[in-house]
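Observations on the model geometry
Each chain, letter by letter, is given below.
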Amino acid sequence: MGESLIFGIVASSALIIGALVGVRFDLPKRLLAILLSFAAGALITALAFELFEDAYEMGGIWRAAVGLFLGAAVFTGLSALLDRAAQPGKGKPADEVQGSAKLDTDAAASDRSATKATTRGAAGLALLAAVTLDGVPENVALGVSLGEGSGGLALLAAIFVSNLPEALVGASSMRTQGMARAKILGLWTACAVLLVGAVVLGAGPLASVDPESISLPLAFAAGAVIASLADTLMPEAYEHGGPAVAMSTAAGFVLSFVLSLA
């Protein structure tokens, strides 16, 4: 239990670090894109070698596939609702919205003005909700991997590096909207505490559950991750970083892969 608590605190500390940076600084747009693409590369390794592979080994291909598609469908549906809430303006053509409306990196960039979505606060709150949505199954899966003694370092690294830029952008959006710094930090800290609890839950009560039952939440987490990559992280990173983000994505993949071998 002590190990799961430490892993949970490390993974979720990125939310607080990102929020602290987001309420104080504006970063270059390209740097934000590199951070997002690096996170995407790390998550690719985690979902392939930590989440879906374990789900397959525990419950077989059908359970793993059903869980994957269910997680992707739930994330995609709720993400669409969050994007609609963070839309810059009602009636705006879909092809005019670049990347993801909720992941409004203009809020945190030093060379761009904030969009209407940022100034009305919807983008930051929607991103907070999205981080919670895919963070809970990811952190439960991290706890499960610890309970089985399989390490989980690659998943820990992937969660950390994905939480950091998302919290940074979300906190920046809230700051631009005029929300008090104490409230912003309080919201992201509350999210971090919830995700620490998810790790402990995975390593504690769920540790004694039979492997076939565990395969479903693992696959669900993999589905949520792959949907977040396609729906949010990769489109936003490429939109503002261009082809150069391919190298940072590869770097994130390699680092996470090396950790998965530890």
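Residues numbered from 1 in each chain as written. Predicted model: local features only at pLDDT ≥ 70, side-chain atom pairs only at ≥ 80, totals over all residues. Heavy atoms only, no water.

For the protein, an unreviewed UniProt entry supplies the name ZIP family zinc transporter and the organism Agrococcus jenensis.

**Observations regarding a nonpolar patch on the surface**
Put simply, the test is: Patches here: salt-bridge-free residues with over 30% relative accessible area, like charges joined within 9 Å, nonpolar side chains (Val, Leu, Ile, Met, Phe, Trp, Tyr) joined within 5 Å. A 1.4 Å probe and the Shrake-Rupley method give the accessible areas. Residues count as covered only by the protein chains that appear here. Salt-bridge detection follows one rule: a side-chain nitrogen of Lys or Arg within 4 Å of a carboxyl oxygen of Asp or Glu. Working definition: helices are DSSP H or I runs of at least four residues, strands are E runs of at least two. Numbering for both runs from the N terminus. Remark: exposure states derive from per-residue accessible area (1.4 Å probe, protein chains only) relative to the maximum for the residue type, with buried under 20%, exposed over 50%, and partly exposed in between.
Residues Phe49, Phe253, Val254, Phe257, Val258 and Leu261 make up a contiguous nonpolar surface patch of roughly 530 Å² in combined accessible area. Tallying contributions element by element places helix α8 (residues 245–260) first for the nonpolar patch, with 4 residues. Relative to the assigned elements, Val254 resides in helix α8. You can call Val254 partly exposed: its relative accessible area is 48%.

**Thoughts on the packing of helix α5 (residues 153–177) against helix α6 (residues 181–203)**
Basically, it comes down to this: In this analysis, axes come from line fits to C-alpha atoms, helices being fitted only over the stretch in contact, and the angle between any two N-to-C directions falls in the range 0 to 180 degrees. Reported orientations rely on four angle classes, namely roughly parallel under 35 degrees, roughly antiparallel over 145, roughly perpendicular from 65 to 115, and oblique for the rest. Crossing handedness is read from the near helix: turned anticlockwise from the far helix by less than a right angle, it gives a left-handed crossing, and turned clockwise, a right-handed one. Note on contacts: a residue pair is in contact if any heavy atoms of the two residues lie within 4.5 Å. Residues were grouped as follows: Ala, Val, Leu, Ile, Met, Phe, Trp, Tyr, Cys and Pro as nonpolar; Asp, Glu, Lys and Arg as charged; and all remaining residues, including Gly, as polar.
Contact geometry for α5 and α6: axes closest at 10 Å, N-to-C directions at 150 degrees. Comparing the axis directions of α5 and α6 gives the class roughly antiparallel. Crossing of α5 against α6: the hand is right-handed. Facing Glu166, Ala167, Gly170, Ala171, Met174 and Arg175 of α5, the residues of α6 in contact are Ile184, Leu187 and Trp188. Along the lines of polarity and charge, the residues of the contact of α5 with α6 split into 6 nonpolar, 1 polar and 2 charged.

**Thoughts on the pattern of salt bridges**
Taken as a whole and judged by the stated rule, the model has 2 salt bridges. Linking Arg175 and Asp26 is a salt bridge whose minimum nitrogen-to-oxygen distance equals 2.6 Å. Taken together, the residues Arg175 in helix α5 and Asp26 in the loop between α1 (2–22) and α2 (29–85) connect sequence positions 149 residues apart. Accessibility expressed as a relative area gives 40% for Asp26, which makes it partly exposed.

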